[in-house]
Amino acid sequence: MNKPVRIDESWKARLAAEFEQPYFAELRRFVRQEYETCAVYPPPAQIFRAFDECPFDQVKVVILGQDPYHGAGQANGLCFAVGGSAPAPPSLINIFKEIEDDLGSSVSHDPDLARWARQGVLLLNATLTVRDGAAASHQGKGWERFTDAAVRALSDERERLVFMLWGNYARQKGAAIDRAKHLVLQSAHPSPLSARGFFGCKHFSKANAYLTAHGREPIAW
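These figures come from a predicted structure and were not determined experimentally.

**Student:** Hey, could you run me through the overall build of the protein chain in this one?
**Tutor:** Scanning the protein chain from terminus to terminus reveals 9 helices and 6 strands. Each principal axis of the C-alpha atoms in the protein chain carries an extent, and together these give about 45 × 35 × 25 Å. Buried residues in the protein chain amount to 52% of all 221 residues. Excluding contacts between residues fewer than 6 apart, the proportion of contacts in the protein chain whose partners are at least 24 apart in sequence is 67%. Accessible surface, the protein chain as shown: approximately 9,800 Å² in total, 49% of it carbon and sulfur. When the 26 positive and 25 negative side-chain charges of the protein chain are each reduced to one mean point, those points stand 2 Å apart.

**Student:** Quick question: what am I supposed to make of helix H7 (residues 143–157) here?
**Tutor:** Count 3.6 residues to each turn of an α-helix, and residues three or four apart come out pointing the same way. The first and last C-alpha atoms of H7 sit 21 Å apart over 15 residues, in line with the 21 Å expected at 1.5 Å per residue. Among all positions in H7, only Trp143, Glu144, Phe146, Thr147, Ala149, Ala150, Val151, Ala153, Leu154 and Ser155 are buried.

**Student:** Which parts of the structure should I look at to understand the pairing of strand E3 (residues 121–125)?
**Tutor:** Where a strand is regular, its side chains alternate between the two sheet faces. Burial of E3 is extensive: 5 of the 5 residues sit out of reach of the surface. As paired elements, strand E2 (residues 61–65) and E3 share 5 bridges and run parallel to each other. Note on E3: the bridge partner recorded for Leu64 is Leu124.

**Student:** Honestly, the pairing of strand E5 (residues 162–166) in this entry has me stumped. Any pointers?
**Tutor:** Summarising burial for E5: 5 of the 5 residues are buried, a large majority. The alternating pattern of E5 places Val162, Met164 and Trp166 and Phe163 and Leu165 on opposite faces, both of which are buried. Note: E2 against E5, 4 bridges, orientation parallel. Within the sheet, the bridge partner assigned to Val61 lies in E5 and is Val162. Where E5 meets strand E6 (residues 183–187), 5 bridges bridge the pair, whose relative direction is parallel.

**Student:** Just checking my understanding: could you explain the environment of Ser205 for this structure?
**Tutor:** Relative to the assigned elements, Ser205 resides in helix H9 (residues 203–213). For the pair Ser205 and Leu103, spaced 102 residues apart in sequence, the C-alpha separation works out to 6.4 Å. Apart from residues lying up to four places away in sequence, Ser205 is in contact with Asp102 and Leu103.

**Student:** Explanation requested: the pattern of salt bridges in the structure shown.
**Tutor:** Oppositely charged side chains can form a pair if their charged atoms are brought close together. Enumeration according to the criterion identifies 10 salt bridges in this entry. Asp57 is paired through a salt bridge with Arg14; the nearest N and O atoms lie 3.7 Å apart. In this pair, Asp57 is assigned in the loop between helix H4 (49–53) and E2 and Arg14 in helix H1 (residues 9–14), connecting sequence segments 43 residues apart. Judged by relative accessible area, Asp57 falls into the exposed class, the value being 53%. Notably, a salt bridge pairs Glu26 with Arg29, separated by 2.3 Å at the nearest N-O pair. Placement of both Glu26 and Arg29 in helix H3 (residues 22–37) is noted, with a separation of 3 residues, approximately one turn of the helix. On the basis of relative accessible area, Glu26 is assigned to the partly exposed category, the value being 48%. A relative accessible area of 43% places Arg29 in the partly exposed class. When salt bridges that share partners are traced, they join Arg49, Glu53, Asp112 and Arg118 into one network.

Thresholds applied
- Residues numbered from 1 in each chain as written.
- Predicted model: local features only at pLDDT ≥ 70, side-chain atom pairs only at ≥ 80, totals over all residues.
- Heavy atoms only, no water.
- Helix = DSSP H or I, 4+ residues; strand = E, 2+ residues; numbered from the N terminus.
- Buried < 20%, exposed > 50% of the residue type's maximum accessible area, 1.4 Å probe, protein only.
- Contact = heavy atoms within 4.5 Å.
- Areas by Shrake-Rupley, 256 points an atom, 1.4 Å probe, with all protein chains shown as cover.
- Lys, Arg positive; Asp, Glu negative; His and termini not counted.
- Charge placed at Lys NZ, Arg CZ, Asp CG, Glu CD.
- Expected span 1.5 Å × (residues − 1).
- Pairing = 2+ DSSP bridges.
- Salt bridge = Lys/Arg side-chain N within 4 Å of Asp/Glu carboxyl O.

See the structure below:
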């Protein structure tokens, strides 16, 4: 983390001021030491993958997560997604179920979710790294300030985006989004602990209807 790794130039320009802040220097030192001394996820090249797969000017939908998954072979830099041969976690299984119920048709269950990112879905965790087996271990180190800056840039500089805020944490992180310029969809988190309030939210059809109404291609979920 001596320099930002694999982050699209459009995002690098928007977030340049953050990279120069003292808090980010501290964050960089902390994360580098963590990778050197213990198992940390995702792999370093995927820390900024959400930004790299979905350039600033191509964002149409933003889904906010909290932490990367903290098991080996899971976190891949995209919130709710897992990489490689890892099975879909329970929250993602519930997301797929809601999409199919919402749209009335079957969809791919590939848990990588890069197909969404490449269509303009920013899959952004609030915290971009985590120690093996230790949920929330990298919270409060500076990542939240960095990702807040990304959300703020989208809210301020773009128009007619769809923000999906699932659960209290995401709602709090998205509290400053300009509702006059963007569609903000809120529901319970898709975790099995709260999915009863997530099922039936119809966020995916609502997002596509909003995009279509404003002359944009809908997402092929």
